[in-house]
Amino acid sequence: MEDLATGRMSVAQIAQRIRHSVKTNQGPAATHDAALVKRLLQEECEDILRLMKTRDAQTEERYRKAVKIALRWIKNYVELDYRSLGSYTRADLDRIALEADAL
């Protein structure tokens, strides 16, 4: 339950940054928008996969699906749709993972 609550808070914070076009205050200048969030999530996924000592195609696929699901969840919040990730069925999540990126 705590993990879901932490996930919801993180998604809400990211969505607020996108909705209000927040500018970075550290590192290179950038505006928090859908493209930046998508790029960062994809880069982090690639870093995680690269650093794994052992990985297989199934593990890689699970991580890539997780990024797509996260992008959908963030988009929902940006659009003020606060549907809980827990309300999706496994079939819903599999469908989301097969769709084009939400952001």
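Now for a look at the structure at hand. (Residues numbered from 1 in each chain as written. Predicted model: local features only at pLDDT ≥ 70, side-chain atom pairs only at ≥ 80, totals over all residues. Heavy atoms only, no water.)

**Section: the layout of surface pockets**
Okay, so step 1: If you add up the space inside the largest pocket, you get close to 170 Å³.
Okay, so step 2: Along the walls of the largest pocket sit S10, V11, I14, L41, A66, I69, A70, W73, I74, L85 and L93, which together make up its complete lining.
Okay, so step 3: Elements supplying a minimum of two residues to the lining of the largest pocket: α1 (2-19) and α3 (57-78).
Okay, so step 4: Here the element with the most residues in the lining of the largest pocket is α3; it accounts for 5 residues.
Okay, so step 5: Here the residues of the lining of the largest pocket are counted per class, giving 10 nonpolar, 1 polar and no charged. (1 Å grid on protein atoms, 1.4 Å probe; cavity = no way out; pocket = protein on both sides within 12 Å on 5 of 7 lines; lining within 4 Å. Points joined across faces, edges and corners; volume = space filled by probe spheres on them. Helix = DSSP H or I, 4+ residues; strand = E, 2+ residues; numbered from the N terminus. Nonpolar A, V, L, I, M, F, W, Y, C, P; charged D, E, K, R; others polar.)

**Some details on the pattern of salt bridges**
Okay, so step 1: Throughout the structure, instances matching the rule amount to 13 salt bridges.
Okay, so step 2: Its salt-bridge partner being R55, residue E60 comes within 2.6 Å of it at the nearest N-O pair.
Okay, so step 3: Given a relative accessible area of 42%, R55 falls into the partly exposed group.
Okay, so step 4: Its salt-bridge partner being R83, residue D92 comes within 3.5 Å of it at the nearest N-O pair.
Okay, so step 5: The partly exposed category is assigned to R83, whose relative accessible area is 33%. (Salt bridge = Lys/Arg side-chain N within 4 Å of Asp/Glu carboxyl O. Buried < 20%, exposed > 50% of the residue type's maximum accessible area, 1.4 Å probe, protein only.)

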